[in-house]
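Architecture and fold: a report
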Amino acid sequence: MPTSDVIIIGGGIVGAASAFFCAQAGLGVTLFEKREALGLLTTAASLAAFRAQFAEAENIAMMLESISFFENIRERTGLADADIGMVQQGYLFCTTNPETPARMQKRVAFQRAHGLADVELWDGDETRKHFPFVSAEVVGATYRARDGWLSPNDLTNVYARAAVRDGAQIFNETNVQEIIVSGGMTRGVRTTRGEYHAPLIILAAGPYARRFAARYEWDLPINLIRRQHAAIKENALIPRDAPMTIDADTGAHWRPEGRGAILAINTDEAPGEPTDDIKPDWEYPALALDGVMRVSPFWEQIAETLRKGDLDVRAGQYDMTPDAKPIIDTHPHIRGLYVHCGYSGHGVMGSAAGARILADLITGKAKPADNAFGMERLKHPDADTREKMVL
Ligand SMILES: Cc1cc2nc3c(=O)[nH]c(=O)nc-3n(C[C@H](O)[C@H](O)[C@H](O)COP(=O)(O)OP(=O)(O)OC[C@H]3O[C@@H](n4cnc5c(N)ncnc54)[C@H](O)[C@@H]3O)c2cc1C
């Protein structure tokens, strides 16, 4: 019977990162992905962006660690040709509300106190001096130059390639049907490729994690919410050196992508069931365009001449936890069963730090009590009263 130290269920960016960090820790890893290649589900729908500008200390620490990993991807993975398409053109949160700059100032003070020394706070004129496309209505902004975006497909494959170099086995087109549990411990999995044994199992099945865990009496507090983005293929009016530009009052945001751009706005959605076939709405690009033109008015001009063929829409599911932070934890009763999911829209940017934390918990390098992403935190929801950011 094939045996390894750890089996990973799911080959999205989170499963691939988990494979890399576990293999680096010296564990024998086997990863199963049911689709024909890695990273084809939620990971492929992502806007691919990363930022350290968060309002919670744990998130700031997680993203600073991940961004440092991305910036040093070749040294960190030992792959001399690793290329994850990283672009650091910053994140710009803009507001037109005269009351918001005071709140931004408090948030920046908090961020600076938590290790984010390079976040800037600008008034409207300063914002337009740096980014002339910003509307005259904007009265304040925060900006961090080292935030940006990358290629989630390349990053997933870099994690996987480095894991395989370190001895991991990766099987695509392999559905994990069941976790084998006996005597209160995990023993392995049954898959469409046969039975595989390991004392440790990591459930990194993205939108499918909650349903899978429920079969083992593990109630993960995750709601699946459809999220979409619209891609504009090419337009000369789009400033190619722009940052990810967010309307902090509404959450509408856009960023350049090659000669085009990616736009998004969150719409009201009821929680859904996990699915591999998330249908996008064709009205969505119109909503996103309407949303982004408030702080970036050049979009009005683009919208006037846009045709359906210039556009693409993609949809995926956010796996939302109550506090929008991931779940990295062990089953309360079944020894050896771990979960790594619930990234709530931040799984590309959080993947490196989250997987490092998971590997440290598995090897005993970190204690469960030091883990900010365990489920225990959710028992005290009122403890976190800090103001949240719009995205
Ligand atoms: C529109 C949109 C925009 C986003 N923008 C950003 C962004 O800008 N920045 C950011 O950081 N994040 C963003 N995200 C979130 C990010 O995409 C996710 O957090 C991340 O991709 C989650 O990765 P994952 O590996 O957990 O899940 P997935 O990528 O969904 O991977 C899970 C994998 O598990 C496999 N699987 C499930 N069940 C089984 C089984 N039984 N056996 C074998 N395999 C199985 C699936 O086939 C799938 O490949 C966005 C998401 C959406 C939808």
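Residues numbered from 1 in each chain as written. Predicted model: local features only at pLDDT ≥ 70, side-chain atom pairs only at ≥ 80, totals over all residues. Heavy atoms only, no water.

Counting residues in hydrophobic clusters, the biggest one holds 97 residues, and the most contacted among them are Phe 70, Tyr 159, Ile 202, Trp 254, Leu 263 and Trp 299. When residues of this core are assigned to their parent elements, the largest contribution, 10 residues, is made by helix H11 (residues 347–363). There are two domains that each give this core at least three residues, and those are domain 1 (6–81 + 151–222 + 322–383) and domain 2 (91–148 + 223–318). If we skip the residues at most four places from it in the chain, Tyr 159 touches Ile 13, Ala 16, Ala 17, Phe 20, Phe 21, Phe 69, Phe 70, Ser 351 and Ala 352. Membership of the second largest hydrophobic core comes to 27 residues, among which are Ile 9, Ile 201, Trp 218 and Leu 224. (Core = buried A, V, L, I, M, F, W, Y, C linked by side-chain atoms within 4.5 Å. Buried < 20%, exposed > 50% of the residue type's maximum accessible area, 1.4 Å probe, protein only. Helix = DSSP H or I, 4+ residues; strand = E, 2+ residues; numbered from the N terminus. Domains from an automatic or database assignment. Contact = heavy atoms within 4.5 Å.)

With that settled, the discussion passes to the sheet that holds strand S10 (residues 185–191). Ordered in space as S9-S10-S11, the 3 strands form an open sheet in which the pairing is antiparallel. Only two strands of the sheet have a single neighbouring strand rather than two, namely strand S9 (176–182) and strand S11 (194–197). In this sheet, adjacent strand axes meet at a mean angle of 25° when their direction is disregarded. Here S9 pairs with S10 via 6 bridges, running antiparallel. Of the residues in S10, the one forming a bridge with Val 181 is Thr 186. (Pairing = 2+ DSSP bridges. Axes fitted to C-alpha atoms, helices over the stretch in contact; angles between N-to-C directions.)

Before going further, it helps to spend a moment on the side chain of Thr 156. Secondary-structure assignment places Thr 156 in helix H7 (residues 152–165). With a relative accessible area of 0%, Thr 156 lands in the buried category. Among all residues touching Thr 156, those that are not within four sequence positions of it are Gly 11, Gly 12, Ile 13, Ala 16, Leu 38, Gly 39 and Thr 43.

For the rest of this paragraph, the subject is the packing of aromatic side chains. Taken as a whole and judged by the stated rule, the model has 21 aromatic pairs. Each ring, one from Trp 122 and one from Phe 131, has its centre 6.3 Å from the other, and the planes form 40°; the classification is tilted. Each member of the pair, Trp 122 as well as Phe 131, carries the same accessibility label: buried. With 4.9 Å between their ring centres and 25° between their planes, Trp 122 and Tyr 143 make a pair best called stacked. Placement of the pair is Trp 122 in strand S5 (residues 120–123) and Tyr 143 in strand S6 (residues 140–144), with a sequence separation of 21 residues. In this structure Tyr 143 comes out as buried when scored by relative accessible area, which is 10%. Among the aromatic residues, those joined into a cluster by ring pairs are Trp 122, Phe 131, Phe 133, Tyr 143, Trp 254, Phe 298 and Trp 299. The aromatic ring of Phe 212 is capped on one face by Arg 215, whose charged end is 4.8 Å from the ring centroid. The ring of Tyr 318 has Arg 227 lying over it, and the distance from NZ or CZ to the ring centre is 5.4 Å. (Phe/Tyr/Trp six-rings, centres within 6.5 Å; stacked < 30°, edge-to-face > 60°. Lys NZ or Arg CZ within 6 Å of the ring centre and 35° of its normal.)

Relative to each other, helix H1 (residues 13–24) and H7 sit at 30°, their axes nearing to 8 Å. It follows from the interaxial angle that H1 and H7 lie roughly parallel. Crossing handedness for the pair H1 and H7: left-handed. The residues of H7 that touch H1, namely those facing Ile 13, Ala 16, Ala 17, Ala 19, Phe 20, Phe 21, Ala 23 and Gln 24, are Pro 152, Leu 155, Thr 156, Tyr 159, Ala 162, Ala 163 and Arg 165. (Parallel < 35°, antiparallel > 145°, perpendicular 65-115°, else oblique. Left-handed = near helix turned anticlockwise from the far one by under 90°.)

For the rest of this paragraph, the subject is the site of the ligand. Near the ligand lie 38 residues; those nearest to it are Glu 33, Thr 42, Thr 43, Ala 49 and Met 349. Take Val 14: an N or O atom from its main chain is 3.1 Å from an oxygen atom of the ligand. One of the backbone nitrogen or oxygen atoms of Ala 48 is found 3.3 Å away from an oxygen atom of the ligand. Here the ligand has 1,000 Å² of accessible area as a free molecule, and 97% of this is covered by the chains. Only H1, helix H2 (42–45), strand S13 (223–232), strand S17 (311–320) and H11 provide two or more residues apiece to the shell around the ligand. Along the lines of polarity and charge, the residues of the shell around the ligand split into 19 nonpolar, 15 polar and 4 charged. The two domains that each donate at least three residues to the shell around the ligand are domain 1 (6–81 + 151–222 + 322–383) and domain 2 (91–148 + 223–318). (Near = heavy atom within 4 Å. Polar contact = N/O pair within 3.5 Å; in protein donor to acceptor, adjacent residues only side chain to side chain. Areas by Shrake-Rupley, 256 points an atom, 1.4 Å probe, with all protein chains shown as cover. Nonpolar A, V, L, I, M, F, W, Y, C, P; charged D, E, K, R; others polar.)

In this section: the domain arrangement of the chain. Interface size is often expressed as the accessible area that is lost when the parts come together. For the chain, the assigned domains read domain 1 (6–81 + 151–222 + 322–383) and domain 2 (91–148 + 223–318). Between the C-alpha centres of domain 1 and domain 2 the distance comes to 28 Å. By the criterion of area lost to domain 2, the three top residues of domain 1 are Leu 47, Gln 53 and Pro 207, representing 27% of everything that side buries. Here domain 1 is connected to domain 2 by 4 salt bridges. With a shortest N-O distance of 3.2 Å, Glu 273 and Arg 211 are connected by a salt bridge. On inspection of domain 1 and its partner domain 2, the count reaches 13 residue pairs in polar contact (both at pLDDT 80 or more). For the side of domain 1 that touches domain 2, the secondary structure elements donating two or more residues are H2, strand S3 (49–50), helix H3 (57–71) and helix H8 (209–214). By residue number, the principal contributor to the side of domain 1 that touches domain 2 is H3, which donates 5 residues. For the side of domain 1 that touches domain 2, the residue count by class is 19 nonpolar, 5 polar and 7 charged. (Buried area = accessible area lost by both parts, 1.4 Å probe. Salt bridge = Lys/Arg side-chain N within 4 Å of Asp/Glu carboxyl O.)

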